[in-house]
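Each chain, letter by letter, is given below.
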Amino acid sequence: MHAFSYARPTSAAEAVEMFSRAGEGARFIAGGTTLYDLMKLDIEQPRHLIDVAAIQQLDGIDTAGDVLRFQALARMSAVATDEVVLRDYPVLAESLSKAASQQLRNMATIGGNLLQRTRCLYFRNGANGFYPCNRREPGSGCGAMGGLDRGQAVLGTSGFCTAVSPGDLPVALVALDARVDVIGRTGMRTMPIEDLYRLPGATPHLEFNLAPGEMITAIVVPKTAAGRASTYHKIRDRESYAFALASAAVALEMRGGRVERARIALGGVATRPWRAAAAEAELAGKTLTPELALKAGRAAFAEAVPGHHNAFKIELGARTVADAITIAASRSI
Ligand SMILES: Cc1cc2nc3c(=O)[nH]c(=O)nc-3n(C[C@H](O)[C@H](O)[C@H](O)COP(=O)(O)OP(=O)(O)OC[C@H]3O[C@@H](n4cnc5c(N)ncnc54)[C@H](O)[C@@H]3O)c2cc1C
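Residue numbers run consecutively from 1 along every chain, following the written order of its sequence. With pLDDT at 70 or above as the cut-off, local features in this predicted model cover only qualifying residues; side-chain atom pairs require 80 or more to be listed or tallied, and sums for whole chains, interfaces and linings still use all residues. Each side-chain value is derived from all of the structure's non-hydrogen atoms; neither hydrogens nor water enter the calculation.

A short note on the overall build of the protein chain
Numbering goes from the N terminus for both helices and strands, where a helix is a DSSP run of H or I of at least four residues and a strand is a run of E of at least two. Secondary structure summary: the protein chain contains 13 helices and 12 strands in total. Relative to the compact-globule value of 20 Å for 333 residues, the protein chain shows a C-alpha radius of gyration of 20 Å, a close match. In terms of its C-alpha atoms, the protein chain occupies a principal-axis envelope of roughly 60 × 50 × 35 Å. A separation of at least 24 residues holds for 63% of the contacts in the protein chain among residues at least 6 apart in sequence. Values of accessible area rely on a 1.4 Å probe in the Shrake-Rupley scheme; residue burial ignores everything except the protein chains shown. Just so you have it, the protein chain exposes about 14,500 Å², and 53% of that area is on carbon and sulfur atoms. Counting 37 positive and 33 negative side-chain charges, the protein chain places the averaged centre of each group 2 Å from the other. The atom set for the radius of gyration is the C-alpha atoms, and the globule formula is 2.2 Å times the number of residues raised to the power 0.38. Contact definition: two residues touch when any of their heavy atoms are within 4.5 Å. Neither His nor the chain ends is counted toward charge; the positive residues are Lys and Arg and the negative residues Asp and Glu. Note that the charge is assigned to NZ on lysines, CZ on arginines, CG on aspartates and CD on glutamates.

Written out as structure tokens, the structure is:
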């Protein structure tokens, strides 16, 4: 562990100011469930920690207005058990309650959840030159290519990186067209959640579209009737406390047995939370049948590129999407 300074601002403006004064090597920290891990693994060596956990204005959930508004410091467990979220947006509640463990969810914030880093074995186990990783050390290579790649992505990969985007909540948020509010030195801005995430391309170490010192303040989810007919379906090696091998967030607008509009996003299979537009198009305006659900699932993976040991994710992913569509449709009333 390397020495670092520690500061605890009490407002968002103070946090941004402290970050900017601290200069290179500064990092925000919230619940600490990702960043402290990465520091202990020697993958991250921040020189200044700006602990935002005491900023009360960034902690809260508002589901009463025109939109759902979750402040960045809301704990995963608080959002997962909010009664409006549970009743009207099961896709959100399930994406959170199927992530990590109860203890972690009590500690972890939703802002930190959006910015967690990949669980790729070569990224996490390779500090100090043991394995190459372009994401951890630009230009060093990729241990997963030609190595064990069972857990790697099949969508959105590049010749530099195939690491999976790990979070469950971001997948649900992409399906619901959520937005993220951020504050930085130049003021506040808002962006679609999809724009927060970069494809790896030739620069996989640049993971998020945030400027240095920009802080997430809130996540805003439009209210939609499709929320109720929704689900987050997560397939993993064991049924709890594991990251997704394949997951699907599905929200449907149905009229009788017909799908008016579908929103579908994928996790566990792509380098960023992945909108499955081709699957959505496959369903739109059609009467839902098991065959159509599977056809939509297959459409989601039409452009998938498998490695050596992860081709199974294509069929698994397609069936996960199909099952999620069926579950979501069964909730439509
Ligand atoms: C054993 C284990 C299992 C897990 N399983 C899952 C799982 O199945 N699914 C899943 O989705 N997640 C899983 N997680 C990840 C967990 O959800 C994240 O660690 C957690 O959500 C991160 O939140 P945090 O507040 O602790 O973030 P921190 O560790 O405090 O921060 C994480 C990152 O976000 C940055 N950051 C934090 N808050 C802000 C902000 N407001 N603005 C800008 N930057 C910020 C930090 O600088 C850091 O880079 C697991 C974690 C562990 C340890």
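What follows continues from the structure just given.
Re the site of the ligand
The nearness test applies per residue and asks whether one of its heavy atoms lies within 4 Å of the molecule or strand. As a matter of local geometry, the ligand sits amid 31 residues, with Arg-27, Phe-28, Thr-33, Thr-34 and Thr-109 nearest to it. In this structure, Gly-31 approaches the ligand through a main-chain N or O atom, which is 2.8 Å from an oxygen atom. One nitrogen or oxygen atom from the main chain of Ile-216 is found 2.9 Å from a nitrogen atom belonging to the ligand. Alone, the ligand offers 970 Å² of accessible surface; in the complex the protein occludes 94% of this. For the shell around the ligand, the secondary structure elements donating two or more residues are strand E2 (26–29), helix H2 (35–40), helix H7 (110–114) and strand E8 (215–222). Tallying contributions element by element places E2 first for the shell around the ligand, with three residues. Here a polar contact is recorded for every N or O atom pair within 3.5 Å, except that within protein the pair must consist of a potential hydrogen donor and a potential acceptor, and residues adjacent in sequence are included only if both atoms are side-chain atoms.

Observations regarding helix H5 (residues 90–97)
In an α-helix, one turn spans 3.6 residues; hence positions three or four apart end up facing the same way. Partly exposed describes any residue whose relative accessible area lies between the buried limit of under 20% and the exposed limit of over 50%, with all areas from a 1.4 Å probe on protein chains only and scaled to the type maximum. Among the eight residues of H5, seven are classified as buried, and the element is accordingly described as predominantly covered. Among the residues of H5, Pro-90, Val-91, Leu-92, Ala-93, Glu-94, Ser-95 and Leu-96 are the ones counted as buried.

Details of the sheet that holds E8
Only when DSSP finds a minimum of two bridges between them are two strands counted as paired. Pairing is antiparallel across the open sheet formed by five strands, whose spatial order is E4-E5-E8-E6-E7. Edge positions in the sheet fall to strand E4 (61–62) and strand E7 (187–192), since each of these pairs with one other strand and no more. Here strand E5 (residues 67–71) pairs with E8 via five bridges, running antiparallel. Looking across to E8, one finds that Leu-68 is bridged to Val-221.

Some words on the sheet that holds E2
The three strands lie next to each other as E1-E3-E2, forming an open sheet whose pairing is parallel. Two strands bound the open sheet, and with one partner strand each, they are strand E1 (5–7) and E2. For this sheet the average axis-to-axis angle between neighbouring strands, irrespective of direction, equals 25°. As paired elements, E2 and strand E3 (residues 48–51) share four bridges and run parallel to each other. Counted as the bridge partner of Ala-26 is His-48 from E3. Only the stretch in contact is used when fitting a helix axis, every axis being a line fitted to C-alpha atoms; angles between N-to-C directions are given from 0 to 180 degrees.

So, the pattern of salt bridges
Put simply, a salt bridge is a Lys or Arg side-chain nitrogen that is within 4 Å of an Asp or Glu carboxyl oxygen. Tallied over the full model, the rule gives 28 salt bridges. Of the charged contacts, one joins Glu-44 and Arg-117 as a salt bridge, the two residues approaching to 3.0 Å between their closest N and O atoms. Here Glu-44 is found in the loop between H2 and E3, whereas its partner Arg-117 is found in the loop between H7 and helix H8 (121–124), with 73 residues between them in sequence. Accessibility classification places Glu-44 together with Arg-117 in one group, the buried group. As a salt-bridge pair, Glu-239 and Arg-236 come within 3.9 Å of each other at their nearest N and O atoms.

Side note on helix H13 (residues 312–330)
Between the first and last C-alpha of H13 there are 27 Å, a value that for 19 residues agrees with the 27 Å anticipated at 1.5 Å per step. If you check which residues of H13 are buried, you get Lys-313, Gly-317, Ala-318, Thr-320, Val-321, Ala-322, Ala-324, Ile-325, Ala-328 and Ala-329. Buried positions along H13 lie against strand E9 (230–235), strand E10 (246–255), strand E11 (258–267), helix H11 (277–283) and helix H12 (290–300). What a helix should span is 1.5 Å times the count of its residues minus one.

Focus on the pairing of E5
Sheet topology note: the E4/E5 ladder contains two bridges and is antiparallel. Along E5, the bridge assignment pairs Ile-61 with Phe-70. Linkage of E4 to E5, two consecutive antiparallel strands, is achieved through a turn of four residues.

Considerations on the domain arrangement of the protein chain
Each domain's extent was defined by an automatic or database domain assignment. As far as domains go, the protein chain holds domain 1 (1–51) and domain 2 (226–330). Here the C-alpha centroids of domain 1 and domain 2 sit 37 Å apart.

Examining the packing of H12 against H13
Contact pair H12 / H13: the axes reach a minimum separation of 7 Å and the direction vectors enclose 135°. Here H12 lies oblique to H13, going by the angle between them. Regarding H12 and H13, the two cross each other, and that crossing is right-handed. Side by side, H12 and H13 meet where Ala-293, Leu-294, Ala-296, Gly-297 and Arg-298 of the first sit next to Glu-315, Ala-318, Arg-319, Val-321, Ala-322, Ile-325 and Thr-326 of the second. Lys, Arg, Asp and Glu make up the charged group, whereas Ala, Val, Leu, Ile, Met, Phe, Trp, Tyr, Cys and Pro make up the nonpolar group; the residues left over, Gly among them, are polar. Per-class residue counts for the contact of H12 with H13 are seven nonpolar, two polar and three charged. Roughly parallel here means an angle under 35 degrees, roughly antiparallel means over 145, roughly perpendicular means 65 to 115, and every remaining angle is called oblique. Crossing handedness: left-handed means the near helix sits turned counterclockwise from the far one by under a right angle, and right-handed means the same turn made clockwise.

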